[in-house]
Amino acid sequence: MARVGSIGSMATKSVLLKSGQRMPLLGLGTWQVRHEEIEQAVDAALEAGYRHIDTAFNYNNEEAIGRALRRWIDGGRCGREDLFITTKLPHVGNRASDVEKYLKKSLSRLRLDYVDLYLIHMPFGFVPDSSGENPAKHDDGSYVLDDTDHVAVWKEMEKQVDEGLTRNIGVSNYNIEQLERTVANARILPATNQVELHAYLQQTKLRASCAKLGIPITAYSPLGSPGARIHFEQKYNYQYPDNTAPDLLQHPLVKDIANAHQKTTAQVLLKHLIQQGIIVIPKSTNPKRIKENAEIFDFQLTPDQMMQLSGLDLGEEGRIINFRFWKGVEKHPEYPFTIQKSA
Ligand SMILES: NC(=O)c1ccc[n+]([C@@H]2O[C@H](COP(=O)([O-])OP(=O)(O)OC[C@H]3O[C@@H](n4cnc5c(N)ncnc54)[C@H](OP(=O)(O)O)[C@@H]3O)[C@@H](O)[C@H]2O)c1
């Protein structure tokens, strides 16, 4: 069978990593995507030209993603070398002695010999329960916190590159101090820091530090993760402080700019980031929206529109994913975020 768009025009829009490998500016997010839905979503994304898929041990969907990837690779529809697959070391494996074990579990589930990028999912670690899959909890429902030694874990991450199990290594949810400490002790620099980043949380200080260190940023929740607050409230009974800011996808300014370009608000929000060289990984399971989110390389926002969108920044107040739905996490010495008075 003929290969479909092996590194098509979209996939060539990429960031050059220190390893010499290119990381596509657009990837498919897969958090909260169930097994039944993910194969179809990966198919739709690969059809639409995506070559970068973002998953994690914690998303519990690596096996189904692996099945979809195998169909494409074994069917000759794309080469392994055309794909950029990211997965992540879970919080329950965030210790040097467990890095290789969890990476090998992910590789087996993904049916791959190597991933393109292995990230430390969070800067804090939890003690696992007996299954090794979930965090252990105290009687009051709070999580059992583990010591987390960033330097020791990073050395083990570097070993995974040496052993060929991953092409690149990076971090996620690291603050400036954690990133600088890792860099100061690194033989291999982090390929990226994957953090929450959208028009309401533009991470200007963190971005400046990453730029100084030569570390590209990957924006998670680039559309503002509509529905995430409700999900956390329902699943963990975690109450967010009142937030009257409108859903970013419905914001009047974003709508005006979208109308001016005959684009959708999602496309404008993604463009605002990629036009600044930020990698984006929007999640969708809807084939129409997956395709729509990829059609962002054929227009340009004006300097004035870029400035207006940058003006939507709410700073820390704009953060959605603060992990405080995991009871007691903020007591971990490596909890990365400043706590809002209102939170
Ligand atoms: N490292 C970390 O700690 C971390 C944390 C969170 C997320 N992530 C990664 O980042 C990815 C993206 O973040 P996210 O899932 O939080 O949020 P997001 O990508 O900002 O938003 C996803 C939501 O937007 C909807 N959507 C997607 N495209 C749309 C469009 N064109 N128009 C209207 N609605 C649209 C999706 O619904 P439909 O599916 O129905 O289209 C879904 O409900 C995750 O999936 C995951 O891979 C990483």
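Residue numbers here run from 1 along each chain, matching the order of that chain's written sequence. Given that the model is predicted, a residue must reach a pLDDT of at least 70 before its local features are reported, and side-chain atom pairs must reach 80 or more before they are shown or counted; all residues, however, enter totals for whole chains, interfaces and linings. Side-chain metrics rest on all non-hydrogen atoms present in the structure, leaving aside hydrogens and water.

As for the UniProt feature "binding site: substrate" (unreviewed entry) in the protein chain
Put simply, the rule reads: UniProt positions are given in the numbering used here, feature names are shortened, and annotations may be inferred rather than shown by experiment. Secondary structure follows DSSP: runs of H or I at least 4 residues long count as helices, runs of E at least 2 residues long count as strands, and numbering of each begins at the N terminus. The contact definition used throughout considers only heavy atoms, calling two residues in contact when any of these lie within 4.5 Å.
Those residues carrying the UniProt feature "binding site: substrate" (unreviewed entry) are His 121 in this numbering. Its place among the elements puts His 121 in the loop between β6 (115–120) and β7 (125–126). Every residue in contact with His 121, bar those within four places of it in the chain, is listed here: Ala 56, Asn 58, Tyr 59, Lys 88, Leu 89, Ser 172 and Asn 173.

Observations regarding the pairing of strand β10 (residues 193–196)
For clarity, the cut-off: Here the rule is simple: two strands pair whenever DSSP picks up at least two bridges between them. When the strands point away from the viewer, a crossover counts as right-handed if the route from the first strand across the helix to the second turns clockwise.
Here 2 bridges tie strand β9 (residues 166–172) to β10, and the two strands are oriented parallel to one another. Across the sheet, residue Val 171 finds its bridge partner in β10, namely Asn 193. When β10 meets strand β11 (residues 217–220), the two strands line up parallel, connected through 4 bridges. By the bridge assignment, Asn 193 is partnered in β11 with Ile 217. Handedness of the β10-helix α6 (residues 204–213)-β11 crossover: right-handed.

Examining the site of the ligand
Quick reminder of the rule: In this text, near means that some heavy atom of the residue lies within 4 Å of the molecule or strand in question. The term polar contact refers here to a pair of N or O atoms within 3.5 Å; inside protein, the definition further demands a hydrogen-donor-capable atom paired with an acceptor-capable atom, and it admits residues adjacent in sequence only when both atoms are side-chain atoms. Here the Shrake-Rupley method, with its probe set to 1.4 Å, supplies the accessible areas, and only the displayed protein chains count as covering residues. Two kinds of site are reported from a 1 Å grid over the protein atoms alone, namely cavities, where a 1.4 Å probe fits but cannot get out, and pockets, open sets with protein on both sides within 12 Å along at least five of seven lines, and residues are called lining when an atom falls within 4 Å of a point. Think of it this way: if more than half of a molecule's atoms are within 2 Å of a pocket's grid points, that molecule is in the pocket or cavity. Basically, the charged four are Asp, Glu, Lys and Arg, the nonpolar ten are Ala, Val, Leu, Ile, Met, Phe, Trp, Tyr, Cys and Pro, and anything else, Gly included, counts as polar.
Looking at the ligand, there are 30 residues lining it, with Asp 54, Leu 223, Ser 225, Ser 284 and Arg 289 nearest. Note that an oxygen atom of the ligand is positioned 2.9 Å from one of the backbone N or O atoms of Trp 31. Across the complex, the protein chains shield 89% of the 900 Å² of accessible surface that the ligand would expose by itself. Taken atom by atom, the bulk of the ligand overlaps the largest pocket. For the shell around the ligand, the leading source of residues is helix α10 (residues 287–294), giving 3 residues. Looking at the shell around the ligand residue by residue, the classes come out as 12 nonpolar, 13 polar and 5 charged.

Some words on the layout of surface pockets
In plain terms, the rule: Grid points are joined across faces, edges and corners, and a volume is the space filled by probe spheres set on the points.
Quantified by volume, the largest pocket comes out at close to 1300 Å³. For the largest pocket, the lining is made up of 50 residues, of which Thr 30, Trp 31, Gln 32, Tyr 59 and His 231 are closest to its centre. At the level of secondary structure, the elements contributing two or more residues to the lining of the largest pocket comprise α7 (228–236) and α10. Here the element with the most residues in the lining of the largest pocket is α7; it accounts for 5 residues. For the lining of the largest pocket, a count of residues per class yields 22 nonpolar, 19 polar and 9 charged. Considered as a void within the structure, the second largest pocket measures approximately 350 Å³ in volume. Considering the residues around the second largest pocket, the lining is formed by 18 residues, among which Gln 203, Lys 205, Leu 206, Glu 316 and Arg 319 are closest to the centre. Among the elements that line the lining of the second largest pocket, the one with the most residues is α6, at 3 residues.

Focus: the nonpolar core
General note: in soluble globular proteins, nonpolar side chains tend to be found buried as a group. Selection criterion: Only buried residues count toward a nonpolar core. Its members are Ala, Val, Leu, Ile, Met, Phe, Trp, Tyr and Cys residues joined through side-chain atoms within 4.5 Å. A simple rule labels every residue: compare its accessible area, found with a 1.4 Å probe on the protein chains alone, to the largest value its type can have, and call it buried under 20%, exposed over 50%, or partly exposed in between.
If you look at the biggest cluster of nonpolar residues, it comprises 82 residues, and the most contacted ones within it are Val 42 and Tyr 118. Apart from residues no more than four positions distant in its own chain, Val 42 is found in contact with Leu 28, Ile 53, Ile 65, Ala 68 and Leu 69. Ranked by size, the runner-up nonpolar core spans 18 residues in total, among them Phe 126, Tyr 143, Ala 228 and Val 329.

A closer look at the pairing of β6
Among the 6 residues that make up β6, 6 are buried, leaving the element largely enclosed by the rest of the structure. Examined bridge by bridge, β6 and β9 share 5 bridges and lie parallel to one another. Along β9, the bridge assignment pairs Leu 119 with Gly 170.

Considerations on the packing of helix α5 (residues 176–184) against α6
Worth spelling out the cut-off: Note on geometry: axes are lines fitted to C-alpha atoms, helical ones only across the stretch in contact, with angles between N-to-C directions running from 0 to 180 degrees. Roughly parallel refers to an angle under 35 degrees, roughly antiparallel to one over 145, roughly perpendicular to one between 65 and 115, and oblique to any angle outside these ranges. Crossings are classed by handedness, with left-handed meaning an anticlockwise turn of the near helix from the far one by less than a right angle and right-handed meaning a clockwise turn.
Two numbers describe how α5 lies on α6: the axes approach to 10 Å, and their chain directions differ by 15°. Here α5 is positioned roughly parallel relative to α6, judged by the angle of their axes. Judged by the twist between their axes, the crossing of α5 over α6 is right-handed. Residues Ile 176, Leu 179, Glu 180 and Val 183 of α5 pack against Lys 205, Leu 206, Ser 209, Cys 210 and Leu 213 of α6. In terms of residue class, the contact of α5 with α6 is built from 6 nonpolar, 1 polar and 2 charged.

With respect to the packing of aromatic side chains
For the record, the criterion: Ring pairs are drawn from Phe, Tyr and Trp, using the six-membered ring of Trp, whenever the two centres fall within 6.5 Å, and their geometry is named by plane angle: stacked under 30 degrees, edge-to-face over 60, tilted for the rest. A ring is considered to have a charge above it if a Lys NZ or an Arg CZ atom is located within 6 Å of its centre and within 35 degrees of its normal.
Under the definition given, this model contains 19 aromatic pairs. Plain terms: the ring middles of Tyr 236 and Phe 325 are 5.1 Å apart, the flat faces sit at 25° to each other, and that makes the pair stacked. Note that Tyr 236 is positioned in helix α7 and Phe 325 in the segment after α11 (303–310), a separation of 89 residues in sequence. When the centroid spacing of 5.4 Å and the interplanar angle of 70° are considered together, the rings of Phe 325 and Trp 326 count as edge-to-face. Sitting over the face of the ring of Tyr 114, Arg 167 holds its NZ or CZ atom 4.0 Å from the ring centroid. Taking NZ or CZ as reference, Arg 229 lies 4.8 Å from the ring centre of Tyr 240, over its face.

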